[in-house]
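# Per-entry structural report
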Amino acid sequence: MTQFPGHGASVHRQIIRQLLPVKRDTEFRASAFFRFHRQIRQQLVPGIFLRHVLYFVREHQIFLRQYGEQTAACTGCTGDKGVCGKTSDIAALQDRLTGALIGLAGAAGNTASTEEMTRLVVEALFATVTNVNFSGESLRELIRLVEAEKARLSSNCLSCASPCGNQADYDMNLLWNSPEDIRSLKSLILFGIRGMAAYAYHAMILGYRDEAAEEFFYKALLMIGGNYEMEDLLPVVMEVGKVNLTYMELLDRANTETYGNPQPVTVPLTVEPGPFIIISGHDLRDLRLLLEQTEGTGINIYTHGEMLPAHAYPELKKYAHLKGNFGTAWQNQQKELADVPALILFTTNCLMPVKESYADRVFTTSVVEYPEITHIDGKKDFSPVIRKALELGGYKTRQEFTGINGGHEVTTGFARSAVLSAAGTIVDAVKSGAIRHFFLVGGCDGARSGRNYYTEFVKQTPPDTIVLTLACGKYRFNDLDLGSIGDFPRIMDMGQCNDAYSAIKVAAALAEAFDCGLNELPLTLVLSWYEQKAVCILLSLLHLGLKNIYLGPTLPAFISPNVLQYLVDNYQITPVSTPEEDLKKILHN
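Report follows, based on the coordinates. Please read all numbers here as calculations on a predicted model, not as lab measurements.

Cut-offs applied
Residues numbered from 1 in each chain as written. Predicted model: local features only at pLDDT ≥ 70, side-chain atom pairs only at ≥ 80, totals over all residues. Heavy atoms only, no water. Helix = DSSP H or I, 4+ residues; strand = E, 2+ residues; numbered from the N terminus. Buried < 20%, exposed > 50% of the residue type's maximum accessible area, 1.4 Å probe, protein only. Contact = heavy atoms within 4.5 Å. Areas by Shrake-Rupley, 256 points an atom, 1.4 Å probe, with all protein chains shown as cover. 1 Å grid on protein atoms, 1.4 Å probe; cavity = no way out; pocket = protein on both sides within 12 Å on 5 of 7 lines; lining within 4 Å. Points joined across faces, edges and corners; volume = space filled by probe spheres on them. Pairing = 2+ DSSP bridges. Axes fitted to C-alpha atoms, helices over the stretch in contact; angles between N-to-C directions. Salt bridge = Lys/Arg side-chain N within 4 Å of Asp/Glu carboxyl O. Core = buried A, V, L, I, M, F, W, Y, C linked by side-chain atoms within 4.5 Å. Expected span 1.5 Å × (residues − 1). Phe/Tyr/Trp six-rings, centres within 6.5 Å; stacked < 30°, edge-to-face > 60°. Right-handed = clockwise from strand over helix to strand, strands pointing away. Nonpolar A, V, L, I, M, F, W, Y, C, P; charged D, E, K, R; others polar.

### Here's the deal with the overall build of the chain
Of the regular secondary structure elements, the chain holds 21 helices and 18 strands. Expressed as a percentage of the 589 residues in the chain, the buried residues total 60%. Sequence separation of at least 24 residues holds for 74% of the intrachain contacts in the chain that already meet a minimum separation of 6. By element, 48% of the accessible surface of the chain is carried by carbon and sulfur atoms, the whole surface being about 22900 Å².

Have a look at this one:
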């Protein structure tokens, strides 16, 4: 067994002995490690525990080309189907598509990219994000389009006597079988640009582009397919965060200029009688088109998951038939949608494998596709959706639903414009001691155990603190009533995952008001990660120099111990432990 000189090798061996029986009996379970972790935590130098987790994964060769928490035992999927529901055939097609994109980047060379080519690259990368595209037919069509574009760019290569091979498709097995530190850094780049592609796509369909940022996609793809060392790859990893910040700002501008600045609003969880459509995902444009086409039909519209913040945009909430929000976090959809007499439209992630109990009521559009599920194409004619909703009829009587914690309503709309309009009052409240600390508790939610940490953390925050939140992780606690501090509710939902930009702008404004750095603010980030968009947002936060981020509930399987140690040493990333321990540590520092 390889040693960890100077980093608790004896503790590491103790951990391995504890986990080996678990590995032999079933599969390695991260939960078993975390239970044991509580017993030996005091023996570990801060950050070294993280290395032990990932070292165990490496030592026992438990790694697969997955990028989120949704891997078997949080280490990797094996067999014919992954935990996310994608088959090995779909995973292979995603690899083929990614390899073809790397070949396209090579074929492009110094040639200026076109808008059409970049849109294809963005859509293809977005299609490989977790819980987006389960359709082999759709992925094969994307591969065909990428190969056709590559052939157009390299038409002269067919007659070349000494082919350079720059345009050849990249074999992704070369990445997955690379030395672990190279694999780790290339995975961070790949998963980061996949998440970034989601934000680029949403801005692009609203007519907003940044040509300099678009060129980075090609650079990043070439870095993934090239022979580079750690010192070459690490700067590009951090550049992902820089460019992603550009895209979050671009999408913020696209959304606010198109739909207006979000305004705080209370959203009911009640469903009115009559036909209705549930719309899920992140695509506000699809929601507006649906609202336009259903106006006057007697059909009500309810948001689901990351669509909740749509209620705060003036140009969307003006539609009287946008009634409320249905359901809780995305990972509960298979249970919550089973008996709903309504049509469900998925616009982007997160789509789970569709159960037979409601498959006849699901439609997809945009980048989301699923086998044997009706897909609405780019013409966005929602007539089939409307007909099916009217046929289903909805509930006969008013239905009262609750959030995870029993609340009957939630609030949203506390984006940067709303918060900064009260910046002076907030500064005064901090100076007077009325507000002692801010917590940003947000990120991606997921199904595995341990995520109730975030519910308990928020419940236990002192009454003189404010909880900012964003992304789908908020469903763990957004229906709680924690009261207010003056005019400010103690839980303020800033929006979707991409609205991390709002949080960054608020933090920057407060730092300027207090004449201090971001890391000197009475602000702690407590983040939950899940998939690729969480990766690119984390890299953006690191690009800004933010430190002491608490991250959980588990760790990415693809990050090697050496790469993780770099993040710990330079940014003091800390794994979450228990709400009690973490709150004590944060508030007493």
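### Comments concerning the environment of Gly486
In this structure, Gly486 sits in the loop between β13 (484–485) and β14 (488–489). A C-alpha to C-alpha distance of 8.5 Å links Gly486 and Ala434, two positions 52 residues apart in sequence.

### Describing empty space enclosed by the protein
This model, assessed by the stated rule, comprises seven cavities of 30 Å³ or more. Volume-wise, the largest cavity comes out at about 530 Å³. Around the largest cavity, the lining is made up of 40 residues, and of these Leu440, Leu525, Leu527, Ile537 and Leu541 lie nearest the centre. Those elements that place two or more of their residues in the lining of the largest cavity are β11 (437–443), α18 (500–514), β16 (523–528), α19 (532–543) and α20 (561–571). Take the lining of the largest cavity: its biggest share by element is seven residues, from α18.

### Re the sheet that holds strand β3 (residues 276–280)
Backbone hydrogen bonds hold the strands of a sheet together, and the pairing may be parallel or antiparallel. Spatially, the six strands line up as an open sheet ordered β5-β4-β3-β6-β7-β8, and their pairing is parallel. If you trace the sheet from one side to the other, it starts and ends with β5 (322–325) and β8 (374–376), each paired once. Averaged over all pairs of adjacent strands, the angle between strand axes in this sheet comes to 30°, irrespective of strand direction. In this structure, strand β6 (residues 343–346) lies alongside strand β7 (residues 362–365), joined through three bridges in parallel fashion. Paired with Leu345 across the strands is Phe363, a residue of β7. Each of β3, β4 (300–304), β5, β6 and β7 is contacted by helix α11 (residues 284–294), which is oriented at about 170° to β3, the strand it contacts most. Packing of helix α14 (residues 383–392) onto the sheet brings it into contact with β3, β6, β7 and β8, and relative to β6 it is tilted by some 150°.

### Section: the pattern of salt bridges
Enumeration over the complete set of coordinates arrives at 22 salt bridges. Between Glu272 and Arg398 there is a salt bridge, with the nearest N and O atoms lying 2.8 Å from each other. Remark: Arg398 occurs in the loop between α14 and β9 (399–400) and Glu272 occurs in the loop between β2 (270–271) and β3; sequence separation between them is 126 residues. Judged by its relative accessible area of 45%, Arg398 is partly exposed.

### Focus: the sheet that holds β11
Taken together, six strands build an open sheet; the order of strands is β15-β12-β11-β16-β17-β18 and the sheet is parallel. Either end of the sheet is taken by a strand with one partner, and the two such strands are β15 (491–493) and β18 (574–575). One ladder, built from three bridges, connects strand β12 (residues 465–469) with β15; its direction is parallel. If you follow Val467 over to β15, its bridge partner there is Ile491.

### Thoughts on the nonpolar core
By size, the foremost hydrophobic cluster in this structure holds 165 residues, and its most contacted members are Ile193, Phe217, Tyr247, Ile301 and Leu542. Ranked by the residues each element gives to this core, the list is headed by helix α8 (residues 180–204), at 15 residues. Apart from residues no more than four positions distant in its own chain, Leu542 is found in contact with Met238, Ile549, Leu567, Tyr571 and Ile573. In this structure, Phe439, Phe477, Leu480 and Ile491 belong to the second largest nonpolar core, which totals 15 residues.

### Observations concerning helix α4 (residues 88–108)
Taking 1.5 Å of rise per residue, the 21 residues of α4 would be expected to cover 30 Å, and the 30 Å separating its terminal C-alpha atoms lies within 8% of that figure. In terms of burial, α4 is a largely internal element, 16 of the 21 residues being buried. Looking one or two places after α4, you find Gly109, whose phi comes out positive at around 50°.

### Regarding the packing of aromatic side chains
If you walk through the whole model with that rule in mind, you get 13 aromatic pairs. Between the aromatic rings of Phe191 and Phe558, the centroid separation amounts to 4.9 Å while the plane-to-plane angle is 70°, which identifies the pairing as edge-to-face. Here Phe191, found in helix α8, pairs with Phe558, found in the loop between β17 (550–552) and α20; they are 367 residues apart in sequence, far enough to count as distant. An identical accessibility class is assigned to Phe191 and Phe558; each is buried. With 5.3 Å between their ring centres and 75° between their planes, Phe326 and Phe401 make a pair best called edge-to-face. Of this pair, Phe326 sits in the loop between β5 and α13 (333–336) while Phe401 sits in the loop between β9 and β10 (409–412); the two residues are 75 residues apart in sequence, bridging distant segments of the chain. What links up through ring pairs into an aromatic cluster is the set Phe276, Tyr302, Phe326, Tyr395 and Phe401.

### Some points on the pairing of β3
For β3, the tally of buried residues reaches five of five residues, placing the bulk of the element in the interior. Here β3 runs beside β4; their pairing, made up of five bridges, is parallel. By the bridge assignment for β4, Ser280 is matched with His304. In this region the chain leaves β3, passes through α11 and returns to the parallel neighbour β4; the handedness of that crossover is right-handed. Sheet analysis places β3 next to β6, joined by four bridges and oriented parallel. When the bridges of β6 are listed, Ile278 appears paired with Ile344.

### Focus on the pairing of β11
Within a regular beta strand, the side chains point alternately toward one face of the sheet and then the other, so they alternate between its two faces. Along β11, seven of the seven residues are buried, which leaves the element largely enclosed by surrounding structure. Residues His437, Phe439, Val441 and Gly443 point to one face of β11 and Phe438, Leu440 and Gly442 to the other, with burial holding for every one of them. With four bridges connecting them, β11 and β12 associate as parallel partners. When the bridges of β12 are listed, Leu440 appears paired with Leu468. With six bridges joining them, β11 and β16 adopt parallel strand pairing. Within the sheet, the bridge partner assigned to Val441 lies in β16 and is Val526.

### Things to note about the layout of surface pockets
A volume near 540 Å³ is recorded for the second largest pocket. Looking at the second largest pocket, it is lined by 24 residues, and the ones nearest its centre are Glu123, Tyr201, Ser366, Val367 and His375. It is helix α6 (residues 136–153) that provides the largest number of residues to the lining of the second largest pocket, a total of six residues. Class assignment of the residues belonging to the lining of the second largest pocket gives a composition of nine nonpolar, five polar and ten charged.

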